[in-house]
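Residues per chain are reported as follows:
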Amino acid sequence: MPLPDRWIAHLDMDAFYASVELLRYPQLKGEAVVIGGRRADAPRQLEDGSWQYARLRHYTGRGVVTTSTYAARDLGVFSAMGLMKAALRAPDAVLLPADFDSYRKYSRLFKAAVAEVAPVIEDRGIDEIYIDLTDVPGVRDAVGHDPLGGVKAVAREIKNSVWRATGLTCSIGITPNKLLSKIASELDKPDGITVLTLDDIPGRIWPLAVRKINGIGPKAGDKLVKLGLHTVGDIAAADPAWLVAQFGQSYGEWLHNAAHGRDARPVVTHSEPVSVSRETTFERDLHAVNDKALLGQIMDELCERLSQDLARKRYAGKTVGIKLRFEGFVTVTRDHTLKAPIASAADIRRAVGLCLKRVKFDKRLRLMGVRVGNLVHASEVPPPATAGVRGETPPRENLSLF
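A brief report on the enclosed structure follows. (Residues numbered from 1 in each chain as written. Predicted model: local features only at pLDDT ≥ 70, side-chain atom pairs only at ≥ 80, totals over all residues. Heavy atoms only, no water.)

Along the backbone of the protein chain there are 13 helices and 15 strands. Along the first, second and third principal axes, the C-alpha atoms of the protein chain reach 80 × 70 × 40 Å. Burial statistics for the protein chain: of 402 residues in total, 46% are counted as buried. The contacts of the protein chain with a sequence gap of at least 6 include a subset with a gap of at least 24, amounting to 67%. Accessible surface for the protein chain amounts to roughly 20800 Å². Of this, 51% is attributable to carbon and sulfur atoms. (Helix = DSSP H or I, 4+ residues; strand = E, 2+ residues; numbered from the N terminus. Buried < 20%, exposed > 50% of the residue type's maximum accessible area, 1.4 Å probe, protein only. Contact = heavy atoms within 4.5 Å. Areas by Shrake-Rupley, 256 points an atom, 1.4 Å probe, with all protein chains shown as cover.)

What follows is the structure in structure tokens.
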């Protein structure tokens, strides 16, 4: 299978506001919960330790639903619905007030976690981002007979990083472009990974309702349905000239291209990098003991190249991390945070050794990587303190691993 030139991911947090609230009130997990109440609707803990919650049936006012758990959605309660209308559909649903300070905190946490794995991110709001995975190491690796195994492994690594940082789940759609990825991230919610190529468009995208395309709003959607175009496939099969006649030159052409999954928009980011990394996949799986000398040489080269990358980009960092992928595609990461930022190969190698000592090497290695995070500009790094005889090079530490 020829892989696309680009791999673009859309990450969407699952029922984000509601999920953050469930971290605070885990006893509500699995229940119908609606976010959008007033501060007076906040839960109260009683003297016996139990909790008293506001219920939708008692709400009066003109408020709207900010979001809802999947259990509440199963009852027909969705974002932007009036709370009074929602009360008719789910009168016993728990009503909680929104806490945007907490949501912003967890938004920062999940984005930072993603950036540790894939730093090219376009921020699309508090609970969603686009990620350019094209140049992420390992994304084009096949796993067994699965040519998409590498990109799926990167997606799992991103999801695991988000979970470790926040305790929250997310859904990721990965395709050759932003338009398709936005659609794909909704296909296997919650907690899903969907990877599509252009060959998947007829089977996975064309059967969907026209409104599933981001950019087809209520008015355009209604018009398409009135014209007999109910699915994305209906638009794809329509004559492009007829679409232009019905919707105008610009929008008509866009509809035709969108239905065929065409979108050349780049992932736009203007943020500073969160980390700099280097990694390599071995031609054969290596043994931690039998191939110790080779592994040591590879690790030295990774640290040297990473140091050069930092120098070229004029960064130093306080956190050094390793990434090891063992046979069976089991990935292990370890980090070590230093008191002061570093950038030299020797300092990186020394911190790597400390990370390696915390890993159990009971399987052969497939991949090895090094990362420096918690970055600062080189201009902020104080010069090293001089010690010992001038011109004397300190001996390299004798590391027990690699």
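This part covers the nonpolar core. Leu-11, Phe-16, Val-114, Ile-131, Leu-133, Ile-158 and Ile-174 are the most contacted members of the largest nonpolar core, which totals 42 residues. Mapped onto this core, the elements with two or more residues apiece are β1 (8-13), α1 (16-24), β2 (33-37), β7 (94-97), α4 (100-117), β9 (128-132), α5 (149-166) and β10 (170-175). The element best represented in this core is α4, accounting for six residues. Setting aside residues up to four positions removed in sequence, Ile-174 forms contacts with Trp-7, Ile-8, Ala-9, Leu-133, Val-151, Ala-155, Ser-181, Ala-184, Thr-194, Val-195 and Leu-196. Counting residues in hydrophobic clusters, the runner-up holds 28 residues, among them Val-276, Leu-286, Cys-303 and Ile-348. (Core = buried A, V, L, I, M, F, W, Y, C linked by side-chain atoms within 4.5 Å.)

Another aspect to go through is the sheet that holds β1. Sheet strands line up and pair through hydrogen bonds in the backbone, either parallel or antiparallel. Strand order in this open sheet of five strands is β8-β9-β1-β10-β11, and the pairing throughout is mixed. Of all the strands in the sheet, the pair left with one neighbour each is β8 (121-123) and β11 (193-195). Ignoring which end each strand starts from, the neighbouring axes of this sheet average 15° apart. When β8 meets β9, the two strands line up antiparallel, connected through three bridges. Residue pairing in the sheet places Glu-122 in a bridge with Tyr-130 of β9. Sitting on the sheet, α5 touches β1, β9, β10 and β11, and the angle it makes with β10 is about 155°. (Pairing = 2+ DSSP bridges. Axes fitted to C-alpha atoms, helices over the stretch in contact; angles between N-to-C directions.)

This next bit is on unusual backbone geometry. For the peptide bond that leads from Lys-189 to Pro-190, omega is -5°, which places it in the cis range. Here Pro-190 lies in the loop between α6 (178-184) and β11. Here the phi dihedral of Ala-15 falls at roughly 40°; this positive angle occurs in a residue that is not glycine. Here Ala-15 lies in the loop between β1 and α1. One non-glycine residue, Asn-374, lies in the positive phi region at around 55°. The topology assignment puts Asn-374 in strand β15 (residues 365-377).

Here we come to the packing of aromatic side chains. In the structure shown here, the tally under the stated rule is 10 aromatic pairs. On the numbers, 5.5 Å between centres and 80° between planes, the contact of Phe-100 with Tyr-103 is edge-to-face. Here Phe-100 pairs with Tyr-103, and both are found in helix α4, just three residues apart, close to one helical turn. Judged by its relative accessible area of 0%, Tyr-103 is buried. (Phe/Tyr/Trp six-rings, centres within 6.5 Å; stacked < 30°, edge-to-face > 60°.)

Bringing α1 into the picture now. Judged by how many residues are buried, α1 sits mostly within the fold: seven of nine residues are covered. Of all the positions in α1, only Phe-16, Tyr-17, Ala-18, Ser-19, Val-20, Glu-21 and Leu-22 are classed as buried. On its buried face, α1 is in contact with β1, β2, β6 (67-68), β7 and α4.

The next subject is the pairing of β9. The buried fraction of β9 is high, at four of five residues. Here five bridges tie β1 to β9, and the two strands are oriented antiparallel to one another. In the strand pairing of β9, Ile-8 is matched with Asp-132. Linking β8 to β9, which pair antiparallel, is a turn of four residues; within it Gly-125 sits at a positive phi near 140°.

Once that is clear, we can look at the environment of Lys-219. Among the secondary structure elements, Lys-219 is positioned in helix α8 (residues 218-226). Considered as a pair, Lys-219 and Leu-88 are 131 residues apart in the sequence and their alpha carbons are 27 Å apart.

Position of Thr-134 among the secondary structure elements: in the loop between β9 and α5. Under the relative-accessibility criterion, Thr-134 is labelled buried at 16%. Here Trp-7 takes part through its backbone nitrogen, which lies 3.2 Å from a polar atom of the side chain of Thr-134. A distance of 2.6 Å separates the side chain of Thr-134 from the side chain of Asp-132, its partner in a polar contact. If sequence neighbours within four positions are ignored, Thr-134 has contacts with Asp-5, Arg-6, Trp-7, Ile-8, Val-139 and Arg-140. (Polar contact = N/O pair within 3.5 Å; in protein donor to acceptor, adjacent residues only side chain to side chain.)

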